[in-house]
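Listed below are the residues making up each chain.
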Amino acid sequence: MRVLEPASFLKRLGAIIYDTLILMGVLMIAGFVVLPFTGGKAVPAGAWWFQAYLVLIVWAYFALSWWRGAQTLGARAWKLEVRTPSGARPSIGRATLRALFSLLSLASVVGLLWALFDRDKQCAHDRLSGTQLLQAT
């Protein structure tokens, strides 16, 4: 029987690093996809449509991964899963909230470090989105 317990801080960091590397590659490919539409020229700095496109790609990677399979590729490598407190996969809305709060949590670093002091080893974005990151044992 598979048992899930709160994810350790080191496994959480490992998954973040793994997902960051994957996402960098995905965003590079997303940039190349746009080139035929710009005549092979670079997108002007600050183009709102390109920034919105990249945000959509980042959202799709995280929120859709958590919604459909409860894992990103980085989480899968570290045997981590995102679940609701009842044990279900997050809804698309809850996964979107988690993605939004994760960005804020990582940007401030405090939200990530929250897991070191939380009784259930959860980050601020886990608490705010009503999700939890669990590891298989």
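My aim in this report is to walk through the structure given alongside it, one point at a time. (Residues numbered from 1 in each chain as written. Predicted model: local features only at pLDDT ≥ 70, side-chain atom pairs only at ≥ 80, totals over all residues. Heavy atoms only, no water.)

A separate point is the overall build of the chain. When you go through the chain residue by residue, the secondary structure sums to six helices and three strands. Listed by position from the N terminus, the elements making up the chain come as β-α-α-α-β-α-α-α-β. When its C-alpha atoms are laid out on the principal axes, the chain stretches across 55 × 30 × 25 Å. When burial is assessed residue by residue, the chain has 35% of its 137 residues classed as buried. Relative to all contacts within the chain whose residues are 6 or more apart in sequence, the contacts with residues 24 or more apart total 66%. Of the roughly 8,300 Å² that the chain leaves accessible, carbon and sulfur atoms contribute 72%. Put simply, the chain has 14 plus and 6 minus side-chain charges, and the middle of one group is 7 Å from the middle of the other. (Helix = DSSP H or I, 4+ residues; strand = E, 2+ residues; numbered from the N terminus. Buried < 20%, exposed > 50% of the residue type's maximum accessible area, 1.4 Å probe, protein only. Contact = heavy atoms within 4.5 Å. Areas by Shrake-Rupley, 256 points an atom, 1.4 Å probe, with all protein chains shown as cover. Lys, Arg positive; Asp, Glu negative; His and termini not counted. Charge placed at Lys NZ, Arg CZ, Asp CG, Glu CD.)

What follows covers the packing of aromatic side chains. Scanning all chains against the criterion turns up four aromatic pairs. Seen from their ring centres, Trp49 and Phe50 are 5.8 Å apart, and the 75 degrees between their planes marks the pair as edge-to-face. Residue classification places Trp49 among the partly exposed residues on the basis of a relative accessible area of 36%. Classification of Phe50 by relative accessible area gives buried; the value is 18%. A centroid spacing of 5.4 Å and a plane angle of 40 degrees characterise the contact between Phe62 and Trp66, whose relative ring orientation is tilted. Here Trp66 and Phe62 lie together in helix α2 (residues 48–69), a separation of four residues that amounts to about one turn. For the pair formed by Phe62 and Trp66, the shared burial category is buried. Taken together, the ring pairs connect Trp49, Phe50 and Tyr53 into an aromatic cluster. (Phe/Tyr/Trp six-rings, centres within 6.5 Å; stacked < 30°, edge-to-face > 60°.)

A cluster of nonpolar side chains, namely Val109, Leu113, Leu116 and Phe117, defines an oily patch on the protein surface of about 420 Å² accessible area. Here Leu116 lies in the loop between α5 (110–113) and α6 (124–129). (Patch = residues over 30% accessible without salt bridge, like charges linked within 9 Å, V, L, I, M, F, W, Y side chains within 5 Å. Salt bridge = Lys/Arg side-chain N within 4 Å of Asp/Glu carboxyl O.)

What follows deals with the sheet that holds strand β2 (residues 80–83). An order of β1-β3-β2 is seen for the three strands of this open sheet, with the pairing classed as antiparallel. Strands at the two margins of the open sheet, each flanked by one partner only, are β1 (4–6) and β2. Averaged over all pairs of adjacent strands, the angle between strand axes in this sheet comes to 45 degrees, irrespective of strand direction. Bridging between β1 and strand β3 (residues 132–136) involves three bridges; their strand directions are antiparallel. When the sheet's bridge partners are listed, Leu4 is paired in β3 with Ala136. (Pairing = 2+ DSSP bridges. Axes fitted to C-alpha atoms, helices over the stretch in contact; angles between N-to-C directions.)

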